Amino acid sequence: MRFVDEVNVRIRAGDGGNGCMSFHRAKYLPKGGPDGGDGGNGGSVYLVADASLNTLVDYRYIRAYQAQRGENGRGGQCYGAKGENIYLKVPVGTRVMNAETGVLLGDMLKVGQKLLVAQGGERGLGNIHFKSSTNRAPRQTTKGTLGEVLVLKLEMQVMADVGLLGLPNAGKSTFIRSVSAATPKVADYPFTTLIPNLGVVKLDQGRSFVIADIPGLIEGAAEGAGLGHRFLKHLSRNKILLHIIDMMPFDGSDPVTNALTIREEVNKYGKQLTDKPCWLVFNKKDLMQDDEWQEACQAVIEALDYEGPSFSISAVKSEGTRALCGAIMTMMEETAQLEEAIPLDETDQPEETIQLEETVQPNEDIDVTPESDQT
C-alpha cells in the first residue's frame, strides 16, 4: 500500500431543503388554509478516527466529498427528510486543518473520536409558519441555507511512544528489527528507509511501547536535501527520542561531526522536538575495543554538551538493547504516574467518541440531486 501522510480534500455539507408553499384543497373545503411543510436539514460531514487505517491513500484519488441535501417540504404539512450525514474515516493521529486559513480544526488522537468539519444547512420554513389572523393565506416561505464548504488539509502523524533519529545507515532500522517484530528494509547503502516504520516492543506481560523509525537526515535537510524535514513531524507526538549514533561509519566520517549535524537539523525544526527528552544511543559497540569505545563516546558527549542518559549497543547483535528498552519502559511508567497525579482542570472535557453502525466509505457515491420545489 502506498504511504500517503498529507492530502487536501474538498468537503461540502448538504444544503437545507426549501420550505413549501401549499394550500389545503378538499371537497367542501375550498379555503382550507396554508399547509406547506418545512424542508429537511442538510447532512453534515464528520471525520472519524479508525485504528485500521495507517495511510491517507484513499483521499489521494478521491478529493471531494459532499453530504446529502435535505429534501424540500411538501403540501399536506409534510416535512422534508433530513440529508444523511457522511462519516469519513482517517487514521488515528491525523491533524485536521483548514487548508485556506491554516487554522487547526482538530486532532484525531483516540479511536472512535468524531470531529464535525462541515455543518449542514438549516431547513427552510413552509408557509404554514406564516399564517396569522391578518394573513390567512400567506405566500411566504424561506429557502434552506447552504451547507458549509471548505478545503481540509489532512496531515497524518504516526502515534508512537519512542522515535529514532540519526543519519542514514546509523542502524535505526537494525535496532527496531532487533527489539520488535517489525521488519524494515536493511542494506549497506543510504536511504533504505523511505517511509516511517512502527514496531511494538514487548518486555513483560502488560509492559510494552511503540517505537517509530523515520528516514535518516543529512546535512542541509532543512533546505530540502535528501528527504528533508518531511518525516520529522511523525516524531512530534513521541514521548522520548533516541539519537542513534554510528560510531563506525562505513564512509569513514567523524561520529562527532555527524552527531552535531543531527542536533543542528533538529534545532532548525523547532521546539516540537527540541523540548522532548532525547537520549544518546551509541551503536556498533562490537566493532571497537572497550577503551577506544569509551574515549569515542565521551568525545561525542562533550561536543554535544550532553548531560542525559547514554547507552552503548550493538544493534546487529542485540547487545545492550534490552537494558535500553528497560530504561525506556521505566521512564514511561514514571511519567504516566506523574501525569495521573496531576488533577484534571475542570474545563477539560473528555474526547467525544461514537459507535457507528453504518458509515459511508470514502469511495462511496452519494446522491445529492436536489428535488424540485413543490407548490
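Everything quoted here is computed from the prediction, not taken from an experiment.

1. Quick look at the overall build of the protein chain
Next, step 1: Each helix and strand counted, the protein chain has six helices and 14 strands in total.
Next, step 2: By the burial criterion, 46% of the 375 residues in the protein chain qualify as buried.
Next, step 3: Within the structure as shown, the protein chain displays about 19,900 Å² of accessible surface, and the carbon and sulfur contribution to it stands at 48%.

2. Brief notes about the pattern of salt bridges
Next, step 1: Applying the stated rule across the entire model yields 13 salt bridges.
Next, step 2: Among the ionic pairs, Lys239 bridges to Asp161, the shortest N-O distance being 3.0 Å. Of this pair, Lys239 sits in the loop between β11 (207-213) and β12 (240-246) while Asp161 sits in the loop between β8 (149-156) and β9 (162-165), and the two are 78 residues apart along the sequence.
Next, step 3: Given a relative accessible area of 42%, Lys239 falls into the partly exposed group.
Next, step 4: Here Lys268 makes a salt bridge to Glu264, at a shortest N to O gap of 3.6 Å. Pair noted here: Lys268 and Glu264 are both in helix α3 (residues 255-269), with a separation of four residues, about one helical turn.
Next, step 5: When its relative accessible area of 40% is taken as the criterion, Lys268 is described as partly exposed.
Next, step 6: Judged by relative accessible area, Glu264 falls into the partly exposed class, the value being 42%.
Next, step 7: Overlapping salt bridges bring together Arg95, Lys153 and Glu155 as one network.

3. Here we look at the packing of α3 against helix α5 (residues 290-304)
Think of two packed helices as two axes; the pair is described by the angle between the axes and how far apart they sit.
Next, step 1: Viewed as axis vectors pointing N to C, α3 and α5 meet at an angle of 35 degrees, and their least axial separation amounts to 9 Å. With respect to the hand of their crossing, α3 and α5 are arranged in right-handed fashion. Counted together, Pro255, Val256, Ala259, Leu260 and Arg263 of α3 and Ala299, Val300, Ala303 and Leu304 of α5 form the full contact between these two elements.
Next, step 2: Tallied by class, residues from the contact of α3 with α5 come to eight nonpolar, no polar and one charged.

4. Comments concerning the pairing of β8
In the case of a regular strand, side chains alternate between the two sheet surfaces.
Next, step 1: Most of β8 is tucked away: six of the eight residues are buried.
Next, step 2: Both strand β1 (residues 6-12) and β8 contribute to a ladder of seven bridges, which runs antiparallel. Counted as the bridge partner of Arg10 is Val151 from β8.
Next, step 3: Sheet analysis places strand β5 (residues 94-98) next to β8, joined by five bridges and oriented antiparallel. Directly across from Arg95, in β8, lies its bridge partner Glu155.

Thresholds, definitions, all that
Residues numbered from 1 in each chain as written. Predicted model: local features only at pLDDT ≥ 70, side-chain atom pairs only at ≥ 80, totals over all residues. Heavy atoms only, no water. Helix = DSSP H or I, 4+ residues; strand = E, 2+ residues; numbered from the N terminus. Buried < 20%, exposed > 50% of the residue type's maximum accessible area, 1.4 Å probe, protein only. Areas by Shrake-Rupley, 256 points an atom, 1.4 Å probe, with all protein chains shown as cover. Salt bridge = Lys/Arg side-chain N within 4 Å of Asp/Glu carboxyl O. Axes fitted to C-alpha atoms, helices over the stretch in contact; angles between N-to-C directions. Left-handed = near helix turned anticlockwise from the far one by under 90°. Contact = heavy atoms within 4.5 Å. Nonpolar A, V, L, I, M, F, W, Y, C, P; charged D, E, K, R; others polar. Pairing = 2+ DSSP bridges.

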